[in-house]
Amino acid sequence: MTNQRKVVAAYFLSLDGVAEKANEFLTGWDDETDAAGQKLIATQDTVLLGRRTYDEWSGYWPTSDVEPFASFVNAAPKYVATSSPLDDAWANSHPITGDLAEFVRDLKSRPGADIGIHGSISVTRSLLEAGLVDELHLVIAPTVVGTGQQLLDSLGPLRLETIYGTKTPAGHILADYRVVR
């Protein structure tokens, strides 16, 4: 029996679950948060993105010196959920043709490391609903934003098993969960 790749969704969240515009609510940074991110991307070799995230990131990451994420995301194959052609020439970017869930099922069956979802809320929600996300890795900031897209909004019941949890010096909660099926 071969091991299937995992789909791992990673997000910065406010305490009330808001996942968009994390740069506006993160309260600080520390070495533990940084180390958790480095450990996470070290297990991944592929990235799934939604079109909006792709459009935002393709204008930033190719020239960024924010390491180690810049080197990781620029080198990794990036599969983009979109119905229109990709205009920018961000290296290793490919549009997903056909059904997202079917594409990800096939991708999980191929050899490789884990598949990461970073910053694409609609992709994460769709894949959670399809039962294709294996883990959630969250950095929860001690802030309440009050408005914005919440990561888990409008989803049905979801059982999670805690893999890891700790508080960082900046006050973030690092919480990693396995999706229980």
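Above: the structure in question.
This text gives an overview of the structure that appears in the document. None of the values given here were measured: they were computed from a predicted structure.

**Describing the pairing of strand β3 (residues 78–81)**
- Where strand β2 (residues 44–50) and β3 come together, 4 bridges link them in parallel fashion. Each residue of the ladder has a partner; that of L48, found in β3, is Y79.
- Taken together, the 4 bridges between β3 and strand β4 (residues 93–96) define a ladder with parallel strand orientation. If you follow V80 over to β4, its bridge partner there is P95.

**Looking at the packing of aromatic side chains**
- Going through the model one piece at a time under the given rule, you end up with 8 aromatic pairs.
- On the basis of an interplanar angle of 55 degrees and a centroid distance of 5.6 Å, the ring pair of F69 and F72 is categorised as tilted. Highlighted residues: F69 and F72, both in helix α3 (residues 69–75), separated by 3 residues, approximately one helical turn. Here the two residues F69 and F72 agree in accessibility, since each one is buried.
- Of the aromatic side chains, those joined through ring pairs into one cluster are W57, Y60, W61, F69 and F72.

**Re unusual backbone geometry**
- Going from E67 to P68, the amide bond is cis rather than trans, its omega being 10 degrees.
- Assignment of secondary structure puts P68 in the loop between α2 (51–58) and α3.
- One non-glycine residue, S154, adopts positive backbone phi at about 70 degrees.
- With respect to the secondary-structure elements, S154 resides in the loop between β6 (135–141) and β7 (160–167).

**What about the side chain of Q44?**
- Residue position: Q44 is located in strand β2.
- Here H118 takes part through its side chain, which lies 2.8 Å from a polar atom of the side chain of Q44.
- Setting aside residues up to four positions removed in sequence, Q44 forms contacts with V8, F72, A113, D114, I115, G116 and H118.

**Re the environment of L127**
- Along the chain, L127 turns up in helix α5 (residues 121–129).
- Spatially, the C-alpha atoms of L127 and A9 are 9.7 Å apart, while their sequence positions differ by 118 residues.
- When near neighbours in sequence (up to four residues on either side) are disregarded, L127 contacts L48, L100, A101, V104, I117, L132 and V133.

**Topic: the pattern of salt bridges**
- Under the definition given, this model contains 8 salt bridges.
- For D45, the salt bridge is made with R5, and the minimal N-O distance between the two is 2.7 Å. Residue D45 is found in strand β2, and its partner R5 is found in the segment before β1 (7–14); the two are separated by 40 residues along the sequence.
- With a closest N to O distance of 3.3 Å, R181 and D134 form a salt bridge. Of this pair, R181 sits in the segment after β8 (173–179) while D134 is found in the loop between α5 and β6, placing the two residues 47 residues apart along the sequence.

Criteria and thresholds
Residues numbered from 1 in each chain as written. Predicted model: local features only at pLDDT ≥ 70, side-chain atom pairs only at ≥ 80, totals over all residues. Heavy atoms only, no water. Pairing = 2+ DSSP bridges. Helix = DSSP H or I, 4+ residues; strand = E, 2+ residues; numbered from the N terminus. Phe/Tyr/Trp six-rings, centres within 6.5 Å; stacked < 30°, edge-to-face > 60°. Buried < 20%, exposed > 50% of the residue type's maximum accessible area, 1.4 Å probe, protein only. Polar contact = N/O pair within 3.5 Å; in protein donor to acceptor, adjacent residues only side chain to side chain. Contact = heavy atoms within 4.5 Å. Salt bridge = Lys/Arg side-chain N within 4 Å of Asp/Glu carboxyl O.

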